Amino acid sequence: MVSACGTGGQQAAGGGSGAGATDKVYVVGTDAAYPPFEKMEADKITGFDIDVIHAVADAAGLKIEVKNTGWDPLFDGIAKGNVDMGISAVTITDERKEKYDFSDSYFDANQLILLPEGSTVSKLADLKGKKIGVQSATTGEQVVKKAFGDTYEGIKGYDDTPSAVDDFFVGRVDAVIADNAVLQDYAKKMSDKKFKLIKDDSFEVEHYGILMKKGNTELLDKINQGVKTIKENGKLKEINDKYFGQ
Amino acid sequence: MDWSVVYDYRELFIRGVGNTILLTSVAIICGTILGLFIGLAKMSDKVYLKAPAAVYVELFRGTPLFLQILLIHTAVIPGIWGLFFPEAKVPEALFSGFVSLTLNAAAYIAEIFRAGIQSLDPGQMEAARSLGMTKAKSMRLIVIPQAFLRMLPALGNEFIALLKDSSLLAIIATPELGYAAFNVAKNTFERYPPYLTSGAIYLILTLFLSRVVVRGLEKRYSPK
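Residue indices begin from 1 for each chain and proceed along its sequence in written order. Chains carry letters from A onward and ligands carry numbers from 1 onward, assigned in written order. A pLDDT threshold of at least 70 governs which residues receive local features in this predicted model, and a stricter bar of 80 or more applies before side-chain atom pairs are shown or counted, although totals over entire chains, interfaces and linings include all residues.

Novice: I tried to follow the environment of Asp108(A) on my own but got confused; where do I start?
Specialist: Residue and element names in this part refer to chain A. Helix and strand assignments come from DSSP, with helices taken as H or I runs of at least 4 residues and strands as E runs of at least 2, each series counted from the N terminus. Tracing the backbone shows Asp108 in strand S8 (residues 107-109). Any residue surrounded by 20 or more other C-beta atoms within 10 Å of its C-beta is treated as buried, while 12 or fewer makes it exposed and the intermediate range makes it partly exposed; C-beta atoms here are placed from the backbone. Assessed through the 12 C-beta atoms surrounding it within 10 Å, Asp108 is described here as exposed. Sequence spacing of Asp108 and Tyr34 is 74 residues, and the spatial spacing of their C-alpha atoms is 16 Å. When sequence neighbours within four positions are dropped, the list of residues in contact with Asp108 reads Val205 and His207. Throughout, a residue-residue contact means that the two C-beta atoms, derived from backbone geometry, are no farther apart than 7 Å.

Structural data, given as structure tokens:
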């Protein structure tokens, strides 16, 4: 699912380093299968994160090009330098901070559990022994692993969240755990189906950050300045309202 | 590079090997049986047998297995269950895996059977018929056993391809060996250790399949 969405720009695949300092086009990677944060709309990448990164880049005076890299290649690409930044609803965690630098947070999220309407489950612990759909390597999977062990047989780690939700609605998994905004977005679209969303008190609030290669303080400072600007001038709130209502 | 992740996640790999072997074995057995009938149907003089068999083979050989897996898992199986067993639970990914691998393998195996049977001297069939055997009986007792020996190398290739292709099922979260590698790599940010480990296990499994299973069958069925 790696697809190049650019219409030129000077960076060829695998390159992108030798460009001039002033008009360098920064490649921003995302995994465009996580609505409403990022998704493909026809051949365009859209979503909350995409609006945010454009606003941040404008505020910081950077030129960017957003590419749909997929989740794993995003991390690999940043490590290798093919991709300059990543914005893909990435939660800032200590583990990830060991390998990447993160901007200041631009969004707070928490995990929710998607359950059938009549379910008696009221917290994560009640799901022990049941099948839980998650997107692999997301915080949703990490909370399940923390609760039931790294190799818990009931974890079904999908390549993307829509596939996990699909399998929930046909009954292959008993629950799905994912970010609130993503599940609430589904809830809006799937109003004809019966389900409920619950919160577990053990889930910590997560902060989404823009990630980049470790040690690139110049870029990090610019991005942080951009994040600060859109927080202060109300642009971030405007984008937030557009996607998640008041 | 941190190889300890393989040990930490060993259960995932062990479960993966078990399911990969299970998936491949079921698909080999069911695919061979189904493939034999489709191959025979394709050689039939009767159009109502020949045409559907030919269409089946072209459809399953001519489209990617990856697509077949997605279609069967996300659309066909939930659709059939919704229509015929609305009260029952839709079976898990493992079941979708059995179905898609079996249907796909059957198309290739049908062609292997057809080629094997057609490569045999028609005199074999004629001789059997002249001894008073029916067409079906001659096929079963004379033609197929001889043709089977000729098919074995091609069947061996198909079984190996099937074993490796089962890794495509990782996309629908089937807990097989490819999924184990995929999931560990995603969660640990380690790339070489999980992928090379599962690669080595696939290699051991394919070597076992070609050196032990297929060669064993060849020895057993060759004329003394």
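Now that the structure has been shown, the text picks up again.
Novice: Would you explain the interface of chain A and chain B in this entry?
Specialist: Interface size is often expressed as the accessible area that is lost when the parts come together. Listed per partner, the contact involves 16 residues of chain A and 16 residues of chain B. Among the secondary structure elements, those contributing two or more residues to the side of chain A that touches chain B are helix H2 (71-80) and strand S11 (155-158) of chain A. Looking at the side of chain A that touches chain B element by element, the count peaks at three residues for S11(A). Here the term charged refers only to Asp, Glu, Lys and Arg, the term nonpolar to Ala, Val, Leu, Ile, Met, Phe, Trp, Tyr, Cys and Pro, and the term polar to all other amino acids, Gly among them. Residue composition of the side of chain A that touches chain B, grouped by class: four nonpolar, four polar and eight charged.

Novice: Sorry, what's going on with the domain arrangement of chain A here?
Specialist: All names here are of chain A. Domain boundaries assigned for chain A yield domain 1 (25-107 + 208-244) and domain 2 (111-198). Listed as interface residues are eight residues of domain 1 and, on the opposing side, eight residues of domain 2. Of the residues contributing to the side of domain 1 that touches domain 2, the split by class is seven nonpolar, one polar and no charged. These domain limits were set by an automatic method or by a database of domain assignments.

Novice: Even after reading the chapter, I still don't get unusual backbone geometry, so can you show me in this structure?
Specialist: All names here are of chain A. With omega at 5°, the peptide bond leading from Pro35 into Pro36 counts as cis. The residue Pro36 is located in the loop between strand S2 (33-34) and strand S3 (38-41) in this model. Positive phi, normally seen in glycine, also occurs at Ala42, with a value near 50°. With respect to the element layout, Ala42 can be found in the loop between S3 and strand S4 (44-46). Phi at Ala89 takes a positive value of approximately 50°, unusual for a residue other than glycine. Mapped onto the secondary structure, Ala89 falls in the loop between strand S6 (85-86) and helix H3 (94-99).

Novice: For this particular structure, what's the right way to read the nonpolar core?
Specialist: Most often, soluble globular proteins have nonpolar side chains that are buried together. One finds Val52(A), Ile53(A), Val56(A), Ala175(A), Val176(A) and Ile177(A) to be the most contacted residues of the largest nonpolar core, which totals 115 residues. A total of 14 residues in this core trace back to one element, the largest contributor, which is helix H5 (residues 93-118) of chain B. Shared between two domains, this core takes at least three residues from each, and those domains are domain 1 (25-107 + 208-244) and domain 2 (111-198) of chain A. Excluding anything up to four places from it in sequence, Val56(A) contacts Ile223(A), Gly226(A), Val227(A) and Ile230(A). In this usage, the nonpolar core is the set of buried Ala, Val, Leu, Ile, Met, Phe, Trp, Tyr and Cys residues whose C-beta atoms join them within 7 Å.

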